[in-house]
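Descriptive analysis of the structure
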Protein chains: 2
Amino acid sequence: MSVTSPAGFRAAGVTAGLKTSGRPDVALVVTEGPRHVAAAVLTSNRVHAAPVTWTRQAVKDGTARAVVLNSGGANACTGPEGFADTHRTAEHTAAALGAAGIGGEDGVGAGDVLVCSTGLIGVRLPMDLLLPGVDAAVAALAADGGDAAAHAIMTTDTRSKQTLVTGETAGAGWSVGGMAKGAGMLAPGLATMLCVLTTDADVDAATADAALRAATAATFDRVDSDGCMSTNDTVILLASGASGATPSAAELTRAVTAACADLARQLVADAEGASHDIAITVRGATTQDAALAVARAVSRSNLFKAAIFGNDPNWGRVLSAVGTVPEDVAPFDALTLDVAVNGVQVCRAGGVGEPRELVDLAAAREVTVEVDLHAGDAEVTLWTNDLTHDYVHENSAYSS
Amino acid sequence: MSVTSPAGFRAAGVTAGLKTSGRPDVALVVTEGPRHVAAAVLTSNRVHAAPVTWTRQAVKDGTARAVVLNSGGANACTGPEGFADTHRTAEHTAAALGAAGIGGEDGVGAGDVLVCSTGLIGVRLPMDLLLPGVDAAVAALAADGGDAAAHAIMTTDTRSKQTLVTGETAGAGWSVGGMAKGAGMLAPGLATMLCVLTTDADVDAATADAALRAATAATFDRVDSDGCMSTNDTVILLASGASGATPSAAELTRAVTAACADLARQLVADAEGASHDIAITVRGATTQDAALAVARAVSRSNLFKAAIFGNDPNWGRVLSAVGTVPEDVAPFDALTLDVAVNGVQVCRAGGVGEPRELVDLAAAREVTVEVDLHAGDAEVTLWTNDLTHDYVHENSAYSS
């Protein structure tokens, strides 16, 4: 299960020397068609990296031949020189792919190469290492290269994140494969640093774009590990059409959403330093946006997150966070709020409920927090992590 | 320098047994007049404690005779029973003060007693301990009792916070005294849990209210230690008129602001687990609100705060936080942003500036971060703290 599981894709992961660890750091995913449909959802951070600027422009025509990704440097906050580096990376990749026979007589244009970078902010990429790395990746392209690619995009990730979802279309076989990396700076839009999805379904660019936006809104945008929005977040969907299957828009959206949900869950499970994965469900809200605003307020309370780390079902910190959401954003009556932690109703009608001693947080990594606003019918689940010593350690020692 | 330094006040701090530590936990501040002017600024958290509900109502007429405060329990999220406890505390205090001769023949009404509580959320106060504690506090009232009162409101504070500012009015002597507590849940509105200010200036209620609101907006509301808004935040100003001095509104505002600024700085210096006090100055903003929004985004970035704990001048994390502020809130061009850390211009025009190695964060507890948006003339300084192992430890182990 990888980005090369669907038909019509090759990939590679190689070591260019960008990481001092000597681990793989350049990945390449190439779509061999017959179609070269592409869509992307990118960080909404106004301070975004050069590759984000590049990819936003390059994907506008709804097509791409390849995605080149590097770890070991984010190429963010690097000025015009950083953008020139990204441009040069795309041109170099396009030329190398063309020389390798990809794209036929026409070859590959730089505008058909999407670029992703992850790692330190504020440092130029060593192009003398990166470009030879691209050549090596082109040479290593393989129909089973997805796993190598997934490993080459890791930074503080302790394991690769990959997925494969089988499409549901009567009488036709197709699938969605994917890889992602992301361990810190996990908050929407988007929640992941880098993600590449591939499908051999035969769909047009508009359908792919709509499916990807719907999928990310319901998955990556509902992960808020540490409240810190990245400068480099990129989710790309490539569609080769190689299966010949033509799913409906709804079928494609379902499969892409399932793939994103799987990867998003893997991101939460491997978040930097976390010891608990916390599913915050807010129900009884007037709207989905209201529910999400309340869930996000809870997910960003350091006091609540530290309490969960301490296996303390401190519902007072949940309520104090809920109460910070303005009334025009989420109408509710504070005196009707219910809170359950791991199924125990610790707070009822804004006051003391079941004894907190009944809640066992030490037993499992996964924790559920349910807040009922009693104001409507909308419900949202947002995933976050606890605030731990290891989070502080990793992020005070790792300069990124 | 305490709440009893201005003329016309008595105070006390006693041990009622609310804290398992056996430390003092009930404080009382009484104004002897001739005037009994009072103003209060209270948390904007929609989930607020019973004493906040009470005090908001009781101070509406602009007068108060006393403030009774307890640590060892926040009386928040305790339902109608919790409000009845607060009501009973005010009535008991009023009766005890009347019996002690305060208020003359008329005695003291419950509506002239403001109430503040701090400590655990979601637990009822032990009234069988608190009410005898109130009696003891009334008996202990003294013209030099301010220091004892300041100690009785401490929770995880490692030291008391007190201040005294001399008023500037030609030919007249008056002052503003104050005490505050607050170590966690430090974020506006307001940034402190509890604060009582006293002045012997002769001012009316409207002037006192305006001065207090202006002062808190410029001081406590510019502290954002951990992004967590409290359920109990209360800042009270009592004016006795005992000096006979009649400062102008501007003179009163200046003195109250100076007192609040001193206490706010003390709160930052004693924030739970912090090892650095960080002054984030945003300049070149189109408006004060825009500057504040940018400063607050930086102050709430756990990655930035963890980096400062690690003595890492990680300006990329400053920029990635700045970029999360929506354009309609704070207009700026990401490619013109400058960042200086401890005076070293580490980021220039959105890209790499001076080497980060030139910044020494280990030398002092105080750190300055300056962001220039190059979009206007407005400037704001917001104080925050770093994210440390001790913060995680205190807040995972201390159930509040």
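Values in this document were obtained by computation on a predicted structure and should not be read as measured data.

What to know about the overall build of chain A
Scanning chain A from N- to C-terminus turns up 10 helices and 15 strands. On C-alpha atoms alone, chain A measures out to a radius of gyration of 22 Å, which is about the 21 Å that the 2.2 N^0.38 rule sets for 400 residues. Counting only C-alpha atoms, chain A reaches 70 × 50 × 35 Å along its principal axes. A fraction of 80% describes how many contacts in chain A between residues 6 or more apart in sequence connect residues 24 or more apart. When the accessible surface of chain A is summed, it comes to about 12900 Å², and 52% of that surface belongs to carbon and sulfur atoms.

Topic: the packing of helix 1 (residues 50–58) of chain A against helix 2 (residues 79–99) of chain A
Residue and element names in this part refer to chain A. Packing of helix 1 against helix 2 brings their axes to within 8 Å, and their N-to-C directions diverge by 50°. Classified by the angle between their axes, helix 1 and helix 2 sit oblique to one another. Pair helix 1 / helix 2 crosses with right-handed handedness. For the pair formed by helix 1 and helix 2, the contact residues are A50, P51, T53 and W54 on the first element and G82, F83, T86, H87 and A90 on the second.

Topic: the domain arrangement of chain A
All names here are of chain A. Taken as a whole, chain A is organised into domain 1 (9–263) and domain 2 (277–397). In this structure, domain 1 and domain 2 have C-alpha centres spaced 33 Å apart. Taken together, the 10 residues of domain 1 in the interface contact 14 residues of domain 2. Both sides of the domain 1 and domain 2 interface together cover about 900 Å² of buried area, and 36% of this is carbon and sulfur.

Looking at the relation of the copies chain B and chain A
Least-squares fitting of chain B to chain A yields an RMSD of 0.0 Å, with the transformation described by 0.0 Å of translation along the axis and a rotation of 180°. Such values leave the two copies arranged in the relation of a two-fold axis. By C-alpha distance to the rotation axis, the residue of chain B lying nearest is H389 of chain B, at 2.7 Å. A share of 100% of the interface residues of chain B reappears at the interface of chain A, consistent with the copies meeting face to face through the same patch.

Considerations on the sheet that holds strand 9 (residues 234–239) of chain A
Residues and elements named next belong to chain A. The strand order across the open sheet formed by 5 strands is 3-9-8-7-6, and the pairing between neighbours is mixed. The sheet terminates laterally at strand 3 (37–42) and strand 6 (161–166), the two strands that pair on one side only. For this sheet the average axis-to-axis angle between neighbouring strands, irrespective of direction, equals 15°. As defined by bridge partners, strand 7 (residues 175–181) adjoins strand 8 (residues 194–199) across 6 bridges and the pair is classed as antiparallel.

Considerations on the interface of chain B and chain A
Residue-level contacts link 53 residues of chain B with 53 residues of chain A. Note on chain B versus chain A: buried area summed over both sides is about 4100 Å², and carbon and sulfur give 57% of it. One can count 1 salt bridge joining chain B with chain A. Close ionic contact of R46 of chain B with E327 of chain A constitutes a salt bridge, the shortest N to O distance being 4.0 Å.

Looking at the sheet that holds strand 15 (residues 378–385) of chain B
Residues and elements named next belong to chain B. With mixed pairing, the 6 strands of this open sheet are ordered in space as 13-12-11-14-10-15. A strand with exactly one partner marks an edge of an open sheet, and here the two such strands are strand 13 (351–352) and strand 15. The pairing of strand 10 (residues 277–285) with strand 15 spans 7 bridges and is classified as antiparallel. The residue of strand 15 that forms the bridge with D277 is N385. Against the sheet, helix 8 (residues 302–309) contacts strand 10, strand 14 (366–372) and strand 15, and its axis sits at roughly 130° relative to strand 10.

Comments concerning the pairing of strand 3 (residues 37–42) of chain B
Burial analysis of strand 3 of chain B places 6 of its 6 residues in the buried class, the great majority of the element. Burial of strand 3 of chain B is two-sided: the residues V37, A39 and V41 of chain B facing one way and the residues A38, A40 and L42 of chain B facing the other way are all buried.

Observations regarding the packing of aromatic side chains
Residue and element names in this part refer to chain A. One pass over the structure, following the stated rule, counts 2 aromatic pairs over all chains. Between W54 and F83 the ring centres are 6.3 Å apart and the planes differ by 50°, which places this aromatic pair in the tilted class. In this pair, W54 is assigned in helix 1 and F83 in helix 2, connecting sequence segments 29 residues apart. Residue classification places W54 among the buried residues on the basis of a relative accessible area of 11%. Using a relative accessible area of 31% as the deciding quantity, one classes F83 as partly exposed.

A few points about the pattern of salt bridges
Taken as a whole, this structure holds 33 salt bridges over all chains when the rule is applied. In this structure, D224 of chain A engages R300 of chain A in a salt bridge whose closest nitrogen and oxygen atoms are separated by 2.8 Å. Of this pair, D224 of chain A sits in the loop between helix 5 (205–218) and strand 9 while R300 of chain A sits in the loop between helix 7 (288–299) and helix 8 (302–309), and the two are 76 residues apart along the sequence. For D224 of chain A, a relative accessible area of 0% translates into the label buried. Residue R213 of chain B is joined to D209 of chain B by a salt bridge in which the shortest nitrogen-to-oxygen separation is 3.1 Å. Linking R213 of chain B with D209 of chain B, this pair stays in helix 5 (residues 205–218), spanning 4 residues, or about one helical turn.

Thresholds applied
Residues numbered from 1 in each chain as written. Chains lettered and ligands numbered in written order. Predicted model: local features only at pLDDT ≥ 70, side-chain atom pairs only at ≥ 80, totals over all residues. Heavy atoms only, no water. Helix = DSSP H or I, 4+ residues; strand = E, 2+ residues; numbered from the N terminus. Rg over C-alpha atoms; globule rule 2.2 N^0.38 Å. Contact = heavy atoms within 4.5 Å. Areas by Shrake-Rupley, 256 points an atom, 1.4 Å probe, with all protein chains shown as cover. Axes fitted to C-alpha atoms, helices over the stretch in contact; angles between N-to-C directions. Parallel < 35°, antiparallel > 145°, perpendicular 65-115°, else oblique. Left-handed = near helix turned anticlockwise from the far one by under 90°. Domains from an automatic or database assignment. Buried area = accessible area lost by both parts, 1.4 Å probe. Least-squares fit on C-alpha atoms with pLDDT ≥ 70 in both. Pairing = 2+ DSSP bridges. Salt bridge = Lys/Arg side-chain N within 4 Å of Asp/Glu carboxyl O. Buried < 20%, exposed > 50% of the residue type's maximum accessible area, 1.4 Å probe, protein only. Phe/Tyr/Trp six-rings, centres within 6.5 Å; stacked < 30°, edge-to-face > 60°.

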